[in-house]
Amino acid sequence: VEVAHATISALRAKGAEKALLEALDVLVKEPDSPTGRCSEQRFRTTLKQVAAANMEQEELEEIFPVVLETRTNSKPSKNSRKPSKESVG
C-alpha cells in the first residue's frame, strides 16, 4: 500500500496520471484470474514500469530501492565451520 501511494503521488506530481491509468486499465482488462483479480507482484511491476518511464532514477529508487542480492544458497566452506562438541576436547 505504501509503495502504491508513493508511486501515485509521485506520478501525480509529474503529471503522469494518464500513463498510470492506462497501465491500470490493462490490468483490469487482462486479469490473472477468472474472478478479475491480478497478483500483487504484477500490480507492483506495473507501478514500477510506469514510474520508471516517467521519473528520474533517483526518484524511482526512493520508492523502489535497489536490493543487493546476497548469497543464501551457497554452502559454507568446511574451514569456516566450528568444530562439533564431540570433536572438541
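Just so you know, these numbers come straight off a predicted model, no measurement behind them.

### What about the pattern of salt bridges?
Then, in step 1: The full count for this structure, using the stated rule, is 4 salt bridges.
Then, in step 2: Of the charged contacts in the structure, one is a salt bridge between Lys 14 and Glu 59, with a shortest N-O distance of 3.2 Å. Placement of Lys 14 in helix α1 (residues 2-14) and of Glu 59 in helix α4 (residues 57-63) is noted, with a sequence separation of 45 residues between them.

### Let's talk about α1
Then, in step 1: An ideal rise of 1.5 Å per residue puts 18 Å on 13 residues; α1 measures up with 18 Å between its terminal C-alpha atoms.
Then, in step 2: All of the buried residues along α1 are Ala 4, Thr 7, Ala 10 and Leu 11. Within α1, the buried residues cover an arc of 140° as seen down the axis, which keeps them to one side. Exposed positions of α1 whose direction lies more than 90 degrees from the buried face are Glu 2, His 5, Arg 12 and Ala 13.
Then, in step 3: Its buried side turned inward, α1 meets α2 (17-29), α3 (40-54) and α4.

### Some remarks on the packing of α2 against α3
To characterise two packed helices, one gives the angle between the axes of the helices and the distance between these axes.
Then, in step 1: Interaxial distance between α2 and α3 falls to 10 Å at its minimum, and their mutual angle equals 155°. If you check the angle between α2 and α3, you find them roughly antiparallel. In the packing of α2 onto α3, the handedness of the crossing is right-handed. In this structure, α2 uses Ala 19, Leu 20, Ala 23, Leu 24, Val 26 and Leu 27 to contact α3, whose residues at the interface are Arg 42, Phe 43, Thr 46, Leu 47, Val 50 and Asn 54.

Criteria and cut-off values
- Residues numbered from 1 in each chain as written.
- Predicted model: local features only at pLDDT ≥ 70, side-chain atom pairs only at ≥ 80, totals over all residues.
- Heavy atoms only, no water.
- Salt bridge = Lys/Arg side-chain N within 4 Å of Asp/Glu carboxyl O.
- Helix = DSSP H or I, 4+ residues; strand = E, 2+ residues; numbered from the N terminus.
- Expected span 1.5 Å × (residues − 1).
- Buried < 20%, exposed > 50% of the residue type's maximum accessible area, 1.4 Å probe, protein only.
- Arc of directions from axis to C-beta.
- Contact = heavy atoms within 4.5 Å.
- Axes fitted to C-alpha atoms, helices over the stretch in contact; angles between N-to-C directions.
- Parallel < 35°, antiparallel > 145°, perpendicular 65-115°, else oblique.
- Left-handed = near helix turned anticlockwise from the far one by under 90°.

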